[in-house]
Amino acid sequence: MQVPFLDLKPQLASLEPEMTDGVLRVLRSTCYVGGPEVEALENEIAEYCGVGYGIGVSSGTDALLVSMMGLNLKPGEQVLTTPFSFFATMGGILRMGATPVFADIDPESFNIDPEAMKKILKADTGRKIKAVVVVHLYGQCADMTPIVNLAAQYGLPVIEDAAQAIGAEYPNFGGSGKNAKAGAMGLAGCFSFFPSKNLGGIGDSGMVVTADEEFAEKLRLLRNHGAQPKYYHKMVGGNFRIDPIQAVALRIKLPHLNDWHRGRTANAATYTRMFAETGLLEAGLVKTPKHVYQGEGNLHIYNQFVVRVKRRDELVEFLHANDIGCEIYYPVPLHRQECLGGLAVRADCPQADKAAKEVTALPIYAELTDEMQQHVVDTIAKFYS
Ligand SMILES: *Cc1c(COP(=O)(O)O)cnc(C)c1O
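Predicted model, so just to flag it, every value in this text is computed and none were measured.

J.: Looking at this structure, I do not really get the nonpolar core. What am I missing?
T.: Note on soluble globular proteins: their nonpolar side chains tend to be buried together. Membership of the largest hydrophobic core comes to 53 residues, with the highest contact counts inside it found for I45, L80 and M144. The dominant element in this core, judged by the number of residues it contributes, is helix α2 (residues 36–49), at 6 residues. Residues lining this core come from more than one domain, with at least three contributed by each of domain 1 (9–255) and domain 2 (257–384). The contacts of L80, once residues within four sequence positions are left out, are V101, F102, A103, M117, I120, L121, I129, A131, V132 and V133.

Listed below in structure tokens is the structure:
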């Protein structure tokens, strides 16, 4: 049996007539950049996240970059962030000429550890750190109440890289007793609609959401070369615009997103049960991901189902040889990336180093069958037998 890492065909099959109509509608409209479909998507995503403003952009990477531009980061300034993420989290910081400073991750959640952040901020007596970028990795929020409190204490804006976490909720945010959505807790939240995300387009696109009207206005200008009106440039931005062909596809998918989240969560529970039956957990060979937060809501949306395993590289090879897809997110932590060169970064992150050697993501998309999941678990058990 083949188990692909991600198969988008069943999802497309369920929506194909609508998607075809939508794409043709955009084609025939001859409006190919921005426009009413994009505005409608911006409003719908902002509403879904419970904030006032959405700014559609060309990718998740550009959502992060335009947010960094909106903060006016300058060369030599520093940004506190996690060492364990996709490169784009750090790429936006570096492209401003700013320097990332890394706080290690919590080994259970894989997200930035507020205690590690506290130590670094305390030691930053020269106040070089100007912002915080957190990531809600794999679809589970970072511990936002202490993070936002800590940032407020130092007067720092928080940008959320929520590329893997659209719709993920964080319980009792700020002691409010209510869940808050990923992207809605800091100054701004950045989403990616890359096809492999829980809400994926039919190409590249992304969005920034924010409750701050002024920041939203600034990002809107930056997204389009800082022009207002056209050809009068208030600031230097770029072309970070979004196509309506993406907007139309995403608008068709958005009403199904919570169902797909539920499918992934159910699959995660199935894996956890199946792994428990193998004895691999007790033997310390496989560790299933921890659902950190308890309570109601989408507390983990499982963009990825990531296990820690012994002899990781051999297992990955074995799974591929058996036609089972798996991916390593991420084999090299950010503080060890070659492109940093001699840049002076604080890089004492043993938990991120350890995770990079132990993790692998297993197939988790909503349409996966129990039979396929059992095959994945059985194949892993076979590897260790
Ligand atoms: C996917 C991803 C991005 C980048 O999004 P793109 O749309 O591919 O540019 C940024 N950060 C994280 C954590 C991601 O997973």
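Here the narrative resumes.
J.: Got a minute to help me understand the site of the ligand in this structure?
T.: Looking at the ligand, there are 16 residues lining it, with G60, T61, D161, S192 and K197 nearest. Protein burial of the ligand: of its 380 Å² of free accessible surface, 92% is covered by the chains. Because more than half of its atoms lie within 2 Å of the grid, the ligand is assigned to the largest pocket. At the level of secondary structure, the elements contributing two or more residues to the shell around the ligand comprise α3 (60–70) and α4 (88–95).

J.: How should the sheet that holds strand β9 (residues 206–210) be read in this particular structure?
T.: Backbone-to-backbone hydrogen bonds pair the strands of a sheet. The strands run either parallel or antiparallel. Spatially, 7 strands are ordered β1-β9-β8-β5-β4-β2-β3 in an open sheet, and the strand pairing comes out mixed. The sheet terminates laterally at β1 (53–57) and β3 (99–102), the two strands that pair on one side only. Each strand of the sheet is rotated relative to its neighbour by a mean of 25 degrees, with strand direction disregarded. Note: strand β8 (residues 188–192) against β9, 5 bridges, orientation antiparallel. By the bridge assignment for β9, F191 is matched with M207.

J.: Explanation requested: the layout of surface pockets in the structure shown.
T.: A water-sized probe rolled over the atoms picks out the places where empty space is left. Its volume calculated, the largest pocket comes out at about 370 Å³. The wall of the largest pocket is formed by 22 residues, among which F86, S192, F194, K197 and Y330 lie closest to the centre. Looking at the lining of the largest pocket, its residues break down into 8 nonpolar, 11 polar and 3 charged. There are two domains that each give the lining of the largest pocket at least three residues, and those are domain 1 (9–255) and domain 2 (257–384). The space that makes up the second largest pocket amounts to roughly 220 Å³. Considering the residues around the second largest pocket, the lining is formed by P107, E108, G284, L285, V286, K287, R308, V309, K310, R311, K354 and E358. Broken down by secondary-structure element, the contributors of at least two residues to the lining of the second largest pocket are β10 (286–287), β11 (305–309) and α11 (350–358). Per-class residue counts for the lining of the second largest pocket are 4 nonpolar, 1 polar and 7 charged.

J.: I would appreciate a short explanation of a nonpolar patch on the surface in the present structure.
T.: Among the surface-exposed residues, L27, Y32 and V33 lie close enough to one another that they form a single nonpolar patch of about 290 Å² accessible area. Tracing the sequence through the fold places L27 in helix α1 (residues 9–29). Residue classification places L27 among the partly exposed positions, given a relative accessible area of 48%.

J.: I would appreciate a short explanation of empty space enclosed by the protein in the present structure.
T.: This model, assessed by the stated rule, comprises 3 cavities of 30 Å³ or more. Taken as a whole, the largest cavity encloses approximately 130 Å³ of empty space. L8, Q11, K197, N198 and R264 are the residues nearest the centre of the largest cavity, which is lined by 16 residues in total. Taken together, the residues of the lining of the largest cavity sort by class into 7 nonpolar, 4 polar and 5 charged. A domain split of the lining of the largest cavity shows at least three residues from each of domain 1 (9–255) and domain 2 (257–384).

J.: Could you clarify how one ought to interpret the sheet that holds β11 in this entry?
T.: Reading across the sheet, the 3 strands line up as β10-β11-β12 and stay open at both edges, with antiparallel pairing between neighbours. Lying at the two open borders of the sheet, with one neighbouring strand each, are β10 and β12 (359–362). Sheet analysis places β10 next to β11, joined by 2 bridges and oriented antiparallel. If you follow V286 over to β11, its bridge partner there is V309. Here helix α10 (residues 312–321) sits on the sheet and contacts β11 and β12; the angle it forms with β12, its principal contact strand, is near 25 degrees. Contacts from α11 reach β11 and β12, with the element oriented near 95 degrees to β11.

J.: Help me understand unusual backbone geometry in this model?
T.: Note on backbone geometry: most residues besides glycine have negative phi, and most peptide bonds are trans. Following Q228, the chain continues to P229 via a peptide bond in cis, the omega torsion being -10 degrees. Residues Y329 and Y330 are joined by a peptide bond in cis, for which omega reads 10 degrees. Mapped onto the secondary structure, Y330 falls in the loop between α10 and α11. Even without being glycine, T30 reaches a positive phi, approximately 60 degrees. Inspection of the secondary structure puts T30 in the loop between α1 and α2. For D323, which is not glycine, the phi dihedral falls at a positive 60 degrees. Considering the arrangement of structural elements, one finds D323 in the loop between α10 and α11.

Scoring rules and cut-offs
- Residues numbered from 1 in each chain as written.
- Predicted model: local features only at pLDDT ≥ 70, side-chain atom pairs only at ≥ 80, totals over all residues.
- Heavy atoms only, no water.
- Core = buried A, V, L, I, M, F, W, Y, C linked by side-chain atoms within 4.5 Å.
- Buried < 20%, exposed > 50% of the residue type's maximum accessible area, 1.4 Å probe, protein only.
- Helix = DSSP H or I, 4+ residues; strand = E, 2+ residues; numbered from the N terminus.
- Domains from an automatic or database assignment.
- Contact = heavy atoms within 4.5 Å.
- Near = heavy atom within 4 Å.
- Areas by Shrake-Rupley, 256 points an atom, 1.4 Å probe, with all protein chains shown as cover.
- 1 Å grid on protein atoms, 1.4 Å probe; cavity = no way out; pocket = protein on both sides within 12 Å on 5 of 7 lines; lining within 4 Å.
- Sits in = over half its atoms within 2 Å of the grid points.
- Pairing = 2+ DSSP bridges.
- Axes fitted to C-alpha atoms, helices over the stretch in contact; angles between N-to-C directions.
- Points joined across faces, edges and corners; volume = space filled by probe spheres on them.
- Nonpolar A, V, L, I, M, F, W, Y, C, P; charged D, E, K, R; others polar.
- Patch = residues over 30% accessible without salt bridge, like charges linked within 9 Å, V, L, I, M, F, W, Y side chains within 5 Å.
- Salt bridge = Lys/Arg side-chain N within 4 Å of Asp/Glu carboxyl O.

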